[in-house]
Amino acid sequence: MTKVEFCEKYGEFLPAEMLKTTDVLMRVVSNLSDTQEMLDRGMDVNNHLNEVKKYIFDFMSVLRREEQYKRYEEQEMREFNNHLGRY
């Protein structure tokens, strides 16, 4: 999943290129606070917690994809630099 897909799926207000891990963590904290309030009111929180878990797992997917892309770019740059060094 890309950051753009993540932002569209979850209705993030920040543009994808500005979304940071700290923003996602703050949203998780906010949802946990909501869960506490729901528990205090005696409400069933299972669906809410499952949605928070999906949110976390989807963002983990974003982070993995970004890391893979970063490694790919680094490898391409190494190969390019090695190629330049041969001439």
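Report follows, based on the coordinates. Residue positions are given per chain, counted from 1 along the sequence in the order it is written. Given that this is a predicted model, residues contribute local features only at a pLDDT of at least 70 and side-chain atom pairs are listed and counted only at 80 or more, while totals for whole chains, interfaces and linings are drawn from all residues. Remark: hydrogens and water are excluded; side-chain values derive from all non-hydrogen atoms of the structure.

## So, the side chain of threonine 35
Then comes step 1: Under the DSSP-based scheme used, a helix requires at least four consecutive residues in state H or I and a strand at least two consecutive residues in state E, with every element numbered from the N terminus. You can see threonine 35 is positioned in helix α2 (residues 21-40).
Then comes step 2: Only 2.8 Å separates the side chain of threonine 35 from the backbone oxygen of asparagine 31, close enough to count as a polar contact.
Then comes step 3: With residues near it in sequence (within four places) discarded, threonine 35 still touches Val45, His48 and Leu49. Polar contacts here mean pairs of N or O atoms no more than 3.5 Å apart (in protein, one a potential hydrogen donor and the other a potential acceptor; neighbouring residues in sequence count only if both atoms are side-chain atoms). It only takes one pair of heavy atoms within 4.5 Å for two residues to be counted as in contact.

## Thoughts on the nonpolar core
Then comes step 1: Counting 11 residues, the largest nonpolar core is built from Phe6, Cys7, Tyr10, Ala16, Leu19, Val24, Val28, Val52, Tyr55, Phe59 and Val62.
Then comes step 2: Elements that contribute at least two residues to this core include exactly α1 (3-10), α2 and α3 (46-85).
Then comes step 3: Leave out the neighbours within four places in its chain, and alanine 16 touches Lys3, Val4 and Cys7. To define a nonpolar core, start from buried Ala, Val, Leu, Ile, Met, Phe, Trp, Tyr and Cys residues and group those joined through side-chain atoms within 4.5 Å. Buried, partly exposed and exposed residues are distinguished by accessible area as a fraction of the type maximum, computed with a 1.4 Å probe on protein chains only: under 20%, between the cut-offs, and over 50%, respectively.

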